[in-house]
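# Structural description and commentary
Here is how the chains run, residue by residue.
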Amino acid sequence: MKSGTVRESISILSTRPIDNEIVQDAARQGIDIEVLSFIDTAPVQSIEVTQEVEQASLMETTVVFTSMNAVEAVTDILFGLVPEWQVYCMGNTTRRLVAGYFGEDSIAGTADSAANLAKTIIEDGAAEEVFFFCGDQRRDELPGILSDAGIQVNEIVVYETIATPHKLTSQFAGVLFYSPSAVESFFIHNRLPEHALAFAIGATTANAIRKYSGNRIITADEPGKEQLVAKAIEILGSKI
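Rules and cut-offs
Residues numbered from 1 in each chain as written. Predicted model: local features only at pLDDT ≥ 70, side-chain atom pairs only at ≥ 80, totals over all residues. Heavy atoms only, no water. Pairing = 2+ DSSP bridges. Helix = DSSP H or I, 4+ residues; strand = E, 2+ residues; numbered from the N terminus. Axes fitted to C-alpha atoms, helices over the stretch in contact; angles between N-to-C directions. Contact = heavy atoms within 4.5 Å. Salt bridge = Lys/Arg side-chain N within 4 Å of Asp/Glu carboxyl O. Buried < 20%, exposed > 50% of the residue type's maximum accessible area, 1.4 Å probe, protein only.

Reading across the sheet, the six strands line up as β3-β8-β7-β4-β5-β6 and stay open at both edges, with mixed pairing between neighbours. A strand with exactly one partner marks an edge of an open sheet, and here the two such strands are β3 (39-43) and β6 (107-111). Along the sheet, successive strands turn relative to each other by an average axial angle of 25°, direction set aside. Of the pairings in the sheet, the one linking strand β7 (residues 129-135) to strand β8 (residues 152-163) comprises seven bridges and is parallel in character. What sits directly across from Gly135, in β8, is Tyr159.

Before going further, it helps to examine the sheet that holds strand β9 (residues 174-177). With parallel pairing, five strands are arranged side by side in an open sheet as β2-β1-β9-β10-β11. Bordering the open sheet on either side are β2 (31-35) and β11 (217-219), each of which pairs with just one other strand. Across the sheet, the mean angle separating the axes of adjacent strands is 25° when strand polarity is ignored. Against the sheet, helix α8 (residues 203-210) touches β9, β10 (197-200) and β11, its axis set at about 170° to β11. Sheet contacts for helix α9 (residues 225-237): β1 (10-14), β2, β9, β10 and β11; angle to β10, the most-contacted strand, approximately 155°.

A few words on the pattern of salt bridges. Taken as a whole and judged by the stated rule, the model has six salt bridges. A salt bridge links Asp140 to Arg138; the nearest nitrogen and oxygen atoms lie 2.6 Å apart. Owing to a relative accessible area of 58%, Asp140 belongs among the exposed residues under this scheme. The exposure class of Arg138 is partly exposed, given its relative accessible area of 28%. Ionic pairing is found between Arg138 and Glu155, a salt bridge with its closest N-O pair at 2.8 Å. Residue Arg138 is found in the loop between β7 and α6 (141-148), and its partner Glu155 is found in strand β8; the two are separated by 17 residues along the sequence.

Coordinates in, geometry out; function isn't part of it.
Rendered as structure tokens:
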């Protein structure tokens, strides 16, 4: 690049909120990140769910979280109470929330996908029963694999996912997807430009993208918002 040359920036879209520090760091590297949520979540606020969580809190048992939304919904109900739970979870953000509330020692195992998390639980052989705190659009892999292995799965739906589709007027070099629900909401009104890259937080989200697009899909090295953005910066930053 010649001295004085103005470097063109690359625009990418994040389909869920990310830390402003990440946005600023990307801008310093010539990548403009627009943030626009395509789903929203809301805790299920019912007497039945509250009672189920409170009953589970009285037990020394194994629980499973596959999303940060489930952790936040459950800890809001617990309101400072820390049960004697052994926790299995996936995703870096989810793990941090679990460690922050329940303590690092509560984490019995982690994995990069729901299917692998189920396999970890089975391989550990310590649970005949689990409580699975999930959303209303949870995938089938984890409860199916556990049930097939003879482990009783008590599902408690603690949050709901609400699609918030938008019709885009701008084009992006890359779009970051963090869940199959966000993928479905995005493609209600939009399609990826021919040469745009799709970035997926994990294999399940990547498979959802394939239903709608033949564009190149890049999966994060580890399941986490920061890791996915870092991957996008690494790939697209090389094109500047």
